[in-house]
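# Analysis of the macromolecular model
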Amino acid sequence: MRRQLTRLLILALCAGALVIACSSFLPRFRVGLTGRAAGPVTYYVSPAGHDDAAGTSPATAWRTLRRASVAVLKPGDRLLLRARASYAGPLRLGPGDAGSAARPVRIGSYGDGRATVTSRGSGIVVTDTGGVTIADLTLRGDQATATGAGIDLFSNRTAGPRFGHVVIARVTASGFGNGIAVAAAHAVGFRDVRINEARLTGNINAGLAAFGPAPSRRTPVYAHADLLISHVTAAYNKGDPANRQVNSGNGIVLGSVAGARIAWSVAHGNGGNGAALHEGPFGIWAYDARGIVIDHNVAYGNGSNNVYDGGGFALDRNTSHCVLQYNLSYRNWGAGYQLYSSSQAAPSRDNTVRFNITSADSRTQHESGAVIINGYAQNSAVYQNTIVTASPPGPIHPAVYLGRAITGIVFLNNIFEGRVAAPLVLSAAALGRRDALLQGNDYFPAGPMWLVRWGPRAYLSLPGFRAGTGQETLNGQPTGSSADPRLTGPVLRLAVNGQGRWQAGANFDLAHGSPARGSGLNLRRLGVRPGIAGPGAARPNIGAR
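Residues numbered from 1 in each chain as written. Predicted model: local features only at pLDDT ≥ 70, side-chain atom pairs only at ≥ 80, totals over all residues. Heavy atoms only, no water.

### Here we look at the confidence of the model for the protein chain
Within the protein chain, residue pLDDT values average 90, and 90% of them lie at 70 or more. pLDDT under 50 marks residues 1–26. Its contacts with residues more than four places away, or in other chains, come to 53 contacts. (pLDDT = per-residue confidence, 0-100. Contact = heavy atoms within 4.5 Å.)

### With respect to the pairing of strand β16 (residues 250–263)
For β16, a buried count of eleven out of 14 residues is recorded, marking the element as mostly surrounded by other parts of the structure. Strand direction decides the pairing type here: strand β13 (residues 206–211) and β16, joined by four bridges, are parallel. The partner of Ala209 across the bridge, within β16, is Val253. In terms of strand pairing, strand β14 (residues 224–230) meets β16 through six bridges, oriented parallel. Looking at β16, one finds that Ile229 is bridged to Ile262. In this sheet, strand β18 (residues 282–295) lies alongside β16 in parallel orientation, the contact comprising ten bridges. Opposite Leu254, over in β18, you have Ala286 as the bridge partner. (Buried < 20%, exposed > 50% of the residue type's maximum accessible area, 1.4 Å probe, protein only. Helix = DSSP H or I, 4+ residues; strand = E, 2+ residues; numbered from the N terminus. Pairing = 2+ DSSP bridges.)

### A look at unusual backbone geometry
Of note, the bond from Gly89 into Pro90 is cis; its omega dihedral lies within 30 degrees of zero at 10 degrees. Tracing the chain through its elements places Pro90 in the loop between β3 (86–88) and β4 (91–93). Its identity as a non-glycine residue notwithstanding, Asp136 has a phi of 60 degrees, on the positive side. Here Asp136 lies in strand β8 (residues 132–141).

### Quick notes on the packing of aromatic side chains
Summed over the entire model, instances satisfying the criterion amount to 15 aromatic pairs. Note on Phe163 and Phe190: the rings are 5.9 Å apart at their centroids and 45 degrees apart in plane angle, and the pair reads as tilted. Taken together, the residues Phe163 in strand β10 (residues 163–174) and Phe190 in strand β12 (residues 190–201) connect sequence positions 27 residues apart. With relative accessibility at 9%, the residue Phe163 sits in the buried group. (Phe/Tyr/Trp six-rings, centres within 6.5 Å; stacked < 30°, edge-to-face > 60°.)

### Looking at the pairing of strand β1 (residues 42–45)
The side-chain alternation of β1 yields two buried faces, one formed by Thr42 and Tyr44 and the other by Tyr43 and Val45. Strand direction decides the pairing type here: β1 and strand β2 (residues 78–82), joined by four bridges, are parallel. Its bridge partner lying in β2, Tyr43 is registered against Leu79.

Here you go:
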């Protein structure tokens, strides 16, 4: 599974070049003002306007976004489009248009409702500038090609600081290559980007994608920094059937980013149409990234056109110091949660997967599991998760799949509930305790047969597994259990489309008297910081709830 969005980057570069090349051919409009006001100016665009008008009031509005793109927007200026009307894009903001965090340039609607920007390429293009707020707009493409984005942030800067402060709020984008793209041609991109309450559906490559040059191994420099993505819905972004090189059809994907949070968002129904042969998309994931926190999200019903990927959440190639926590994944084609890298030189390392739930994931016919730790995944902790497997229409997969090349992976206080006749844990090799260490987990099979496969050996009981591998022991004493955790609710029949709904219920709570209550290992004594909402007691519960 190669994680490269090369084609997307090339397309973004071409888009940036097009902006520069076309700037000298923009029409020269007669401006109806003899001078600019001393303070911020509000400009208006309306189907009833005229491009030779002043544009400074609804009565003197401009008519086209072509005219609006020529205006020079200064800090505090606003450009407002009359609501319930449609405008042919793109709207372009360039280096001459700049605001600040305190006084951003604002793009939005006026009147009752939202304005709509339509385009065969990108809807709104922000090139080599920052201090911009875009809000309360609908963007609609024709989905003819996988190029362009509903909102396209593009940096062509080769040196200097990143472009700062971009806010995108309450927008919808459909029918583009990407709903929203944050792209850089070089190692200088954007910082302090806030994307909130966006609905990104029916795009080709991704609902939301951030990307740039891959950071070097010795001196990693990431194009973008400090991104916050919250309350975003990325759905039915199905992929590019003409792209056989790299994955497409992602919900939310971050690449070349240092420091970001994806929270309270939903990715569903993505993937399935991409033509890549050896990799697939995910609902929410990151690659070439450091310090990404993905929390309180839901991913369900995501897919792939092949046997690879198509899962809920992933930390892929060259990710480090990232956290997957408090997420729900269910009924995805691939794994609910995955740590992976195909490159020994760019491992997925020093990451954490905690307090997550996966139910009925992993339906692919490839080697898989509800949780996959594979390839060059290193020095990462997987703890306090609840993993429930179900019988898919195809091969039956384990709760956890461990690859041959992993090192330094620990599993602590997880629930492995297998409601299928499959191994609870399947290790492709007879890994040593330095490669994979399992302690304090609960292994509960669906039927009478308890099974763990560890390399060539099959173990039919927890005591046999301990004796044969040294797993599930601590200071010479046995750990772990094989008891029914007694999860409440319809854990395999979910119909949850938002975090608030499942967190308010008791689907995965431990029933009163559950043997998993108060029987976990003290993580702090094992050198693990369990997080602000994690168990701090000497004997925490096992599992995510």
